[in-house]
Amino acid sequence: MTLQHQVREATFTRSNRGALRFAVLFAFVLCFSDGSASCLIAQEAGWAEKVTEVAGQVATAEAKAKDDPSLENQINLATWRIMLGEMATEQGERSDLWSLAVDQIEFGRKAIAEIEAALAASPEEERLLSKSPNAAMRLDATRVRMTAIQQREATARQAERDRLNQLREIAKKYRDVLAKIAEVDLYLRLDDMQHARSANLEALQGVNDVLAIARSRDDIHLFHDEPQLEDGVDLKAVNANVSPLSVEMIAHIKAIQALASSQLALRQSPVDQKLLEESRDWALAALNGTEVPGFPTPAGSHTGNPIGLYVLGLVSEAQGVEQVRPAPASLQLHQQAETHFAAAKENYAKALSALVKNRTGAGVLAELEATITAKIKSLESPAPFLAQADQATLSGRPEAAWKILQEGSLRIREPQLWSSMIEAGRRGAAGEQILLAQVAEGTSNRLLVKETWETQLLQMKIALDAVGENLSQIGAKGLTPERRQSLSQRLTERSTALRGLQATATTALEKAETAAFLALAVAYQSVLGGDAKRTDTLIREAQRLSRDAMAELEAGLKLEKDPVKAIPLREALIASRLAYGHISIRALPDYRDDASLAFAAAFDEMAKLPFAASNLELLGSPTISAMMSRDGDSATRLALEERRYRELVTRFLEGMFTLHFGSPDAASQQMANALQAGATSQQLASGGGPVDASAMLGQTDGFDSQVTLQDSVRAFAILASIQADKPDEALVESVRLLNPASKITSTNQVDEAALDDALDRIQSPLVGYAFASAVESYSDSLNISDGTRHEMLAAQARLAFEKVDQQLQSRRLRNRYPHLVALVEQAASRLGSIEGYQADATQKQRQGDADGAIRTLEAGLKRHPRSSELWVAFLEAQLEQSRRGAASRESYVGVLKQIETAHQLKMISSFEHDLLSASLLERMNELERSLDAYQRALAGAADPRDVVRTRSKISEVRIRLVTKSTN
């Protein structure tokens with residue numbers, strides 16, 4: 001029989017002996033003695049289940065007492081509660097139900113005391129109790145064990161006090177840890193990683209202290225309420241492994257330590273490798289729970305901690321960067337660093353995935369998500385660095401842009417990034433030696449190609465900046481002769497290299513950039529001094545280049561909407577205006593205002609650069625405006641008025657000549673431009689309103705004051721002489737126009753050297769066209785037999801037209817001389833190819849115009865005296881004409897001389913010379929000489945068909961000789 005059955009049977013035993021026996025048994029069963037019957041119950045059915053069952057009995061008894069508050073029901077409820085309290089203490093630290101025990105025992109003990117008081121005060125209650133032996137027995141058993149019950153209550157109370165004391169200590173440590181975490185947050189917001197790292201380390205130590213206090217006394221219910229057993233809670237489901245801090249929070253604090261250490265390491269130069277390794281250890285501790293050497297690492301990790309993953313990415317990226325840093329342009333180092341960069345991207349991607357998975361909207365984590373996304377992109381493409389650098393440049397911080405692009409070059413090896421980095425360094429005054437070293441590193445590692453226009457232009461800009469700095473800080477006179485020569489030589493080298501690759505510039509704006517910096521190089525050389533003759537020649541070329549560049553760049557800037565792309569165009573425009581200003585000082589009379597206008601316009605443009613010096617805008621047009629507004633400054637306005645009329649007349653003449661060449665549309669546009677320019681000049685001269693230095697500079701004629709009006713008229717006179725069939729006069733005048741110091745008075749004095757000198761001096765397309773046309777016209781007037789001179793003149797005319805064509809690539813000159821564009825193209829076609837002459841001659845021959853065909857071929861030979869195809873066609877055309885009609889002996893003799901000339905020039909072979917001569921002599925009826933020539937031709941014939949044809953002609957001539965002798 002089980003103990004429960006015994007208890008149930010004893011309930012129905014009414015005898016005293018049975019009651020006493022039941023009391024002893026009940027006390028034994030309910031652990032009201034040291035025998036600990038609850039252990040028997042626990043052994044029988046399990047402690048947790050039994051406690052839960054007793055809790056159910058308490059709930060039942062409480063319900064009965066509430067419905068019927070009889071003495072019996074009150075005793076049952078009190079004793080069941082005492083029993084539940086004692087059972088709660090039975091497992092001790094294995095259950096930790098101390099609060100439950102205190103509550104239940106105190107309730108039961110007080111209820112028993114109240115029952116005892118009621119029994120003592122009312123005999124009737126005692127009588128009623130005797131009628132309920134079960135209740136009486138339970139009350140008696142409780143009386144017997146009251147001392148033990150109170151001891152159990154005291155034990156539970158002490159355990160509860162120990163729990164509270166432990167919680168107080170933990171709370172104090174919590175407070176300290178939270179204070180440190182708040183400090184860490186503040187330092188992180190202030191970007192003070194040194195203090196953030198120190199404070200976070202103290203927070204980690206506080207976490208260790210909290211864990212130590214929690215481990216100092218085991219208590220399952222230290223951090224959460226004890227279960228309410230009457231609510232049916234299953235004790236077996238209680239978690240006995242509750243930590244004072246969540247593993248996620250501990251992992252987060254470790255990750256913050258990793259972040260602070262990594263940031264602190266990366267901000268030092270060079271990178272602190274020890275700190276970097278420490279940050280990696282903390283990140284691994286946050287993710288995997290590994291130990292950090294030298295620090296008692298609290299337990300707690302989370303494999304998906306985004307900050308830990310982010311720090312691992314930072315560490316791998318930093319390792320890759322440090323591997324590349326010795327030579328950022330090296331392909332080999334970038335390949336070696338790729339392993340680190342790949343690991344960085346992998347960890348960044350994991351961190352990003354963790355953040356996206358737990359995305360909560362805007363805030364710090366959203367900022368971290370954006371940061372990591374940008375990090376991944378910066379390891380895949382140069383675009384982020386280029387965009388950041390552009391923003392820095394536009395905000396007036398080119399030195400910051402340079403640093404950004406330097407960082408980019410440590411991660412991405414790309415030509416555009418490298419060249420942009422050097423440009424940013426140049427704008428940020430990085431220093432010539434540093435920039436040249438970066439150029440050298442780029443070229444040696446094939447990031448930059450030395451023999452390209454872009455690289456040479458970049459080196460030219462660096463050289464010009466260095467020379468400009470020397471001139472601005474020391475001045476030309478303050479430089480030693482050796483230093484001046486060294487700077488000038490450097491500019492010469494850069495100019496030579498850039499000119500050699502100028503043709504590879506693909507767009508008009510690129511060509512204008514090149515022209516602007518080449519002109520500035522010449523201008524600086526003129527300031528430094530040098531070969532006067534050579535410098536004067538270069539100055540005239542530089543003047544044209546600067547004016548052409550100004551026009552092209554001004555037009556390009558009006559169309560350019562991208563402020564970043566506008567910067568190099570604006571820099572080139574500044575260079576062209578500075579060049580023109582320096583050149584004007586050197587070459588123009590002191591009463592001319594071109595230099596001041598050019599410098600003012602340059603200052604105006606400099607003020608538009610995002611990184612320009614403050615108040616620079618006050619040095620340009622406002623200065624000119626103030627000078628023009630002075631009282632008594634009528635002379636300046638008079639000069640402007642005179643310039644307006646001179647320019648108007650010049651443009652009018654050009655328009656009239658355009659009309660003469662048969663271009664009415666172009667002439668109309670030129671006239672309109674002349675009137676518009678005159679109106680603008682009048683407005684400037686009137687002194688009304690603010691002035692624009694660039695507009696005034698555009699209306700100056702500069703060297704044209706000495707060239708355009710006077711020399712344009714002379715050029716028109718040369719062209720008129722050509723039209724009047726006066727080629728000799730036109731040639732002499734064109735040479736003297738270009739070289740006023742020339743003593744040439746006749747065409748006999750015009751040799752190749754004189755023409756070369758004139759060619760070098762061409763600066764105006766109109767003058768150049770007049771010169772080229774005069775040379776071609778004079779060549780055309782010579783006899784075809786003068787092959788050598790024809791060859792020299794044709795080459796000079798071709799070079800002259802090519803130079804004019806190059807000048808007409810300029811927007812400014814192309815708009816000013818629109819009619820010359822087609823004329824130069826036609827000349828280039830005449831002098832550049834024989835195909836046009838061949839086609840024209842063939843067409844005329846088909847039409848039966850033999851004379852026209854011969855004239856066409858002769859004109860072609862005067863321009864292409866070394867063309868064997870034209871010579872053969874020309875001679876055959878003349879022979880064909882002689883066969884078809886009677887010709888004088890003088891004509892035949894002339895053709896023979898031309899055949900001889902062609903042979904001497906080696907334009908026809910000996911076979912062709914002998915065959916053509918023989919045919920012509922046969923036509924002249926000089927049969928003996930004809931037979932000799934045919935026989936020489938037969939001896940030189942290589943083609944079997946030529947052999948057959950020649951033998952046939954020999955037979956015919958012999959027959960004619962026999963017939964002639966017979967007659």
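Structural data are supplied above this passage.
Summary of the structure given here.

Comments concerning the overall build of the chain
Right, on to step 1. Regarding its fold elements, the chain presents 43 helices and zero strands.
Right, on to step 2. The 967 residues of the chain split such that 49% are buried.
Right, on to step 3. Pairs at least 24 apart in sequence give 67% of the contacts found in the chain among residues at least 6 apart.
Right, on to step 4. A total of about 46,700 Å² of accessible surface is found on the chain, and carbon and sulfur atoms cover 52% of it.

Some thoughts on helix H5 (residues 71-90)
Right, on to step 1. Taking 1.5 Å of rise per residue, the 20 residues of H5 would be expected to cover 28 Å, and the 28 Å separating its terminal C-alpha atoms lies within 8% of that figure.
Right, on to step 2. Most of H5 sits out of view: 17 of its 20 residues are buried.

Observations concerning the environment of Trp80
Right, on to step 1. Turning to its location among the elements, Trp80 is positioned in helix H5.
Right, on to step 2. Take Trp80: its relative accessible area is 18%, and that puts it in the buried class.
Right, on to step 3. For the pair Trp80 and Ile105, spaced 25 residues apart in sequence, the C-alpha separation works out to 9.5 Å.
Right, on to step 4. Leave out the neighbours within four places in its chain, and Trp80 touches Val54, Gln57, Val58, Ala61 and Arg138.

Describing the packing of aromatic side chains
Right, on to step 1. One pass over the structure, following the stated rule, counts three aromatic pairs.
Right, on to step 2. Between Trp282 and Phe295, the aromatic rings sit 5.4 Å apart at their centres with planes inclined by 65 degrees, giving edge-to-face as the arrangement. Of the two residues, Trp282 is situated in helix H12 (residues 273-288) and Phe295 in the loop between H12 and helix H13 (306-324); the sequence distance between them amounts to 13 residues.
Right, on to step 3. Exposure remark for Trp282: the relative accessible area of 1% places this residue in the buried category.
Right, on to step 4. Geometrically, the ring pair formed by Tyr310 and Tyr348 is tilted, given 5.9 Å between the ring centres and 40 degrees between the ring planes. You can see Tyr310 sitting in helix H13 and its partner Tyr348 sitting in helix H14 (residues 331-357), a full 38 residues away along the chain. With respect to burial, Tyr310 and Tyr348 carry one shared label: buried.
Right, on to step 5. For Arg81, the ring lying beneath its charged end belongs to Phe107, and the centroid distance is 4.1 Å.
Right, on to step 6. A cation over a ring is seen here: Arg547 above Tyr580, with NZ or CZ 5.1 Å from the ring centre.

Digging into the packing of H13 against helix H15 (residues 364-378)
Right, on to step 1. It is at 12 Å that the axes of H13 and H15 come closest, and there the two elements cross at 30 degrees. It follows that H13 is roughly parallel to H15 by the angle criterion. Between H13 and H15 the crossing geometry is left-handed. Every residue of H15 that contacts H13 at Ile307, Tyr310, Leu314 and Glu317 is listed here: Leu368, Thr371, Ile372 and Lys375.

Digging into unusual backbone geometry
Right, on to step 1. With an omega dihedral of -5 degrees, the bond running from Ser269 to Pro270 counts as a cis peptide bond.
Right, on to step 2. As for its placement among the helices and strands, Pro270 is situated in the loop between helix H11 (247-266) and H12.
Right, on to step 3. Even without glycine at this site, Ala429 takes up a positive phi of about 55 degrees.
Right, on to step 4. Mapped onto the elements of the fold, Ala429 is located in the loop between helix H18 (415-427) and helix H19 (432-444).
Right, on to step 5. A residue is classified by how much of its surface remains accessible, and Ala429, at 67% relative accessible area, is exposed.
Right, on to step 6. Positioned with a positive phi, Arg446 is a non-glycine residue whose angle comes to about 65 degrees.

Side note on the nonpolar core
Right, on to step 1. Within the largest apolar cluster, 56 residues are counted, with the highest numbers of intra-cluster contacts made by Val207, Trp282, Ile307, Tyr310, Val311, Tyr348 and Ile372.
Right, on to step 2. Of all the secondary-structure elements, those providing two or more residues to this core are helix H9 (146-189), helix H10 (193-215), H11, H12, H13, H14 and H15.
Right, on to step 3. Top contributing element to this core by residue count: H13, with 10 residues.
Right, on to step 4. Here Tyr310 is in contact with Leu259, Tyr348, Ala351, Leu368, Thr371, Ile372 and Lys375, once residues within four sequence places are set aside.
Right, on to step 5. Listed in part, the 51 residues of the second largest apolar core include Leu501, Leu573, Tyr580 and Phe611.

Here's the deal with a negative patch on the surface
Right, on to step 1. The grouping of Asp751, Glu752, Asp756 and Asp760 at the surface amounts to a negative patch.
Right, on to step 2. Considering the arrangement of structural elements, one finds Asp751 in the loop between helix H31 (727-738) and helix H32 (752-760).

Cut-offs used in this document
Residues numbered from 1 in each chain as written. Predicted model: local features only at pLDDT ≥ 70, side-chain atom pairs only at ≥ 80, totals over all residues. Heavy atoms only, no water. Helix = DSSP H or I, 4+ residues; strand = E, 2+ residues; numbered from the N terminus. Buried < 20%, exposed > 50% of the residue type's maximum accessible area, 1.4 Å probe, protein only. Contact = heavy atoms within 4.5 Å. Areas by Shrake-Rupley, 256 points an atom, 1.4 Å probe, with all protein chains shown as cover. Expected span 1.5 Å × (residues − 1). Phe/Tyr/Trp six-rings, centres within 6.5 Å; stacked < 30°, edge-to-face > 60°. Lys NZ or Arg CZ within 6 Å of the ring centre and 35° of its normal. Axes fitted to C-alpha atoms, helices over the stretch in contact; angles between N-to-C directions. Parallel < 35°, antiparallel > 145°, perpendicular 65-115°, else oblique. Left-handed = near helix turned anticlockwise from the far one by under 90°. Core = buried A, V, L, I, M, F, W, Y, C linked by side-chain atoms within 4.5 Å. Patch = residues over 30% accessible without salt bridge, like charges linked within 9 Å, V, L, I, M, F, W, Y side chains within 5 Å. Salt bridge = Lys/Arg side-chain N within 4 Å of Asp/Glu carboxyl O. Lys, Arg positive; Asp, Glu negative; His and termini not counted. Charge placed at Lys NZ, Arg CZ, Asp CG, Glu CD.

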